[in-house]
Structure formats: C-alpha cells, structure tokens
Amino acid sequence: MSFSVLLGKMLIFVVLMVIGYLCVHTGYISKAFVADASKLTINVFLVASILNSVFDSEMQLGLGGLAKIIGIMSLMYAVSCLIAFAAAKLAKLPPDREPVFEMITAIGNNMFIALPVVQQVYGAEGVFYVSMSSLPVNLLLYTYYVYRLTQGRGNTAFKLKDVFSAPLVATVASLVIFACRIPVPHVIRNVISSMSAATMPLSMLVVGASLGRIRFADAFRDKYAYVSGVLRIAVIPAAVYLVLKMIPMEPMLLKAAVIIAASPGAIVCTVLSVQYGRDYVFSSKAILLTTAVSMLTIPMWVYFLG
C-alpha cells in the first residue's frame, strides 16, 4: 500500500474527528450525548468488530497459538510500561501528575484508534490480533494503574467487575468461537458484520467529540505533554518493534502490536484520572496532542511495517 493511499485513509479519520470536535465545540451536540455515544461505540460496535474478526477466519491456531498472541501483546505492554515508568521518575513530576503521565504514556488507544486503523488497513485478521490486547490492558489499567493513581491516599480499590469490560468479554467470546469452531447462524453474522462496518466512523466521531472541550492551544503549550507524546507515538513503538522483531511470529501480529504501541493516549486514562482525583487536565492535553499528531505518524508506521 502506497504512502499516499495511507494518507488518504487517515484523512477520512481526521475529517471525522474534526466533525466530532466541532459538534461539541459549537454546542451542536451535548456532553451527555458524547458520553452515551462513547458507551454505545465501545459496548456495541467495537464488540461487533471483535466478534466479526473470527467469522470465516482461515487462521489455524491452537491453544498454544492463542497463548502466544496474548503473550506478545503482554510483552508489548511490558515494554511500554517500563519506558513510561522510567520517564515518569526521571521527569520529577508533581505527585498529582506523575502517575497520570506514566499511565497516559504507557497506554495507547487500542480500541478507538488502533482497532479501526487496523480494520481499515489489514482487515479482520489484524482486528483479531488487536482484540487480544484487551486482556492485558484491562488488567493493567484496573490493577497496577489504579494502584498508582491511589498510591499514598489510602483509598486503593480494585474492583474485579471493572476489568470485565464489554470488549474484554467479546474477546473471550471470540476466542471460544474461534478455538471451538462454533457455527454462528448466517443472519446473526450478517447483522454483526453490518454493525462492524460502523465502528471506524463512530469511533473517530467519538474521539473528536471527547476532545471537543479542550483548547488546542493549551495542549501545545505543555512541555510534559510533548515529552509524553514523543514517547507515546515514536519511542515506545520503536522499542516494541525492536524487541518483538527478535521473536518469530506472524508478520501481521507484529504489525498489529506496533500499531497499538504507536496509537495516541487512551481516553480511559482521563476517565480514571478524574475518578481518582489526579491531574486529568494534563491527561486530556496529552491525548489531544498525541491524537492530532498520530494522524500523520500512524501512516508512517504502517508504511514502515509494509
């Protein structure tokens, strides 16, 4: 795929995000609508994409192969987390910002950005690999990063139900369907396939709308947002690529892991920062900055990976 074709695909992403941003910024849609649309997208349409990725799949994987995919995705996040942890310590940030900086640097937007991008560029096989990242990332967010956000405040709280998000449940369900070759009625497959096609445009609209309350100028004035951004969309994917390149695996699996590593900061990081009383403003700035820049850097990574 030529670089110009990749840029053309990403231009669609940008336009949809801008539409979402302007709709909120101008008051055309409300904050309540954005919250509802976000829930609808992640709990319904992203779930459909994950389930659709295993329909008619020709991949031949046993339990060992599935375990390897999850292991590769876990290793990808381990590399991301180690770099983010070291950077947060070296930056000597205020207590309210340090855990947020670490989290937003380590965790990319695997569902709202990486999955739609991979769906458009690599198809169902790539979506299947990206969906496997739901397992390690949910565990990371609701165990280690909840601990970091509450550290020193005496209110550390791990809730098992928070780990079981709809994409995670869909991932487990898709694993069962794939491993056991469970037949799915044709009419259900058609419905899920049609819903899956809406994932990309809805995801981009929601991402843009979610950022509509932040001023671009504010995001581009925070030096630590730049530091986090460079690590998030350049250093971490490069490190992930170098580490995973040493491990024999399917080329598509490597590509999916690097695209996740190169995706901008995850919106859920801001949600958790608000929930636990940390510097959510910084999280929002970092997400806006990395999301804007990633619309150019992600095609570069896709082109580099081939």
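Each remark here, short or long, concerns the structure printed above.
Residues numbered from 1 in each chain as written. Predicted model: local features only at pLDDT ≥ 70, side-chain atom pairs only at ≥ 80, totals over all residues. Heavy atoms only, no water.

Novice: Looking at this model, I keep getting lost on the overall build of the protein. Mind explaining?
Specialist: From N to C terminus, the protein includes 16 helices and zero strands. The C-alpha atoms of the protein give 18 Å as radius of gyration, which agrees with the globular expectation for 306 residues (19 Å, within 12%). Across the 306 residues that make up the protein, the buried fraction comes to 54%. Taking contacts inside the protein between residues at least 6 apart in sequence as the whole, the part at least 24 apart equals 87%. Taken together, the 22 basic and 12 acidic charged side chains of the protein have centroids lying 4 Å from each other. (Helix = DSSP H or I, 4+ residues; strand = E, 2+ residues; numbered from the N terminus. Rg over C-alpha atoms; globule rule 2.2 N^0.38 Å. Buried < 20%, exposed > 50% of the residue type's maximum accessible area, 1.4 Å probe, protein only. Contact = heavy atoms within 4.5 Å. Lys, Arg positive; Asp, Glu negative; His and termini not counted. Charge placed at Lys NZ, Arg CZ, Asp CG, Glu CD.)

Novice: What should I look at first to understand a nonpolar patch on the surface in this one?
Specialist: A cluster of nonpolar side chains, contributed by Phe216, Phe220, Tyr226 and Val293, occupies part of the molecular surface with about 330 Å² of accessible area. Summarising the element assignment, phenylalanine 216 is placed in helix 12 (residues 216–219). Looking at phenylalanine 216, the relative accessible area reads 37%, which means it is partly exposed. (Patch = residues over 30% accessible without salt bridge, like charges linked within 9 Å, V, L, I, M, F, W, Y side chains within 5 Å. Areas by Shrake-Rupley, 256 points an atom, 1.4 Å probe, with all protein chains shown as cover. Salt bridge = Lys/Arg side-chain N within 4 Å of Asp/Glu carboxyl O.)

Novice: Is there a simple way to explain the packing of helix 15 (residues 267–275) against helix 16 (residues 280–305) in this structure?
Specialist: Between two packed helices, both the angle of their axes relative to each other and the distance between the axes serve to describe the pair. As a packed pair, helix 15 and helix 16 sit with axes 8 Å apart at the nearest point and diverge in direction by 175°. If you check the angle between helix 15 and helix 16, you find them roughly antiparallel. For the pair helix 15 and helix 16, contact is made by Ile267, Cys269, Thr270, Ser273 and Val274 and by Tyr280, Ser283, Ser284 and Ile287, respectively. Taken together, the residues of the contact of helix 15 with helix 16 break down into five nonpolar, four polar and no charged. (Axes fitted to C-alpha atoms, helices over the stretch in contact; angles between N-to-C directions. Parallel < 35°, antiparallel > 145°, perpendicular 65-115°, else oblique. Nonpolar A, V, L, I, M, F, W, Y, C, P; charged D, E, K, R; others polar.)

Novice: Where do I start with the pattern of salt bridges in this structure?
Specialist: Two side chains that carry opposite charge are able to pair once their charged atoms sit near each other. The full count for this structure, using the stated rule, is seven salt bridges. Close ionic contact of arginine 148 with glutamate 98 constitutes a salt bridge, the shortest N to O distance being 3.0 Å. Placement of arginine 148 in helix 7 (residues 134–150) and of glutamate 98 in helix 4 (residues 98–106) is noted, with a sequence separation of 50 residues between them. Overall, the relative accessible area of 15% leaves glutamate 98 in the buried class. In this structure, the salt-bridge partner of lysine 285 is aspartate 222, at a minimum N-O distance of 3.8 Å. Placement of lysine 285 in helix 16 and of aspartate 222 in the loop between helix 12 and helix 13 (223–244) is noted, with a sequence separation of 63 residues between them. Given the relative accessible area of 18%, lysine 285 is considered buried.

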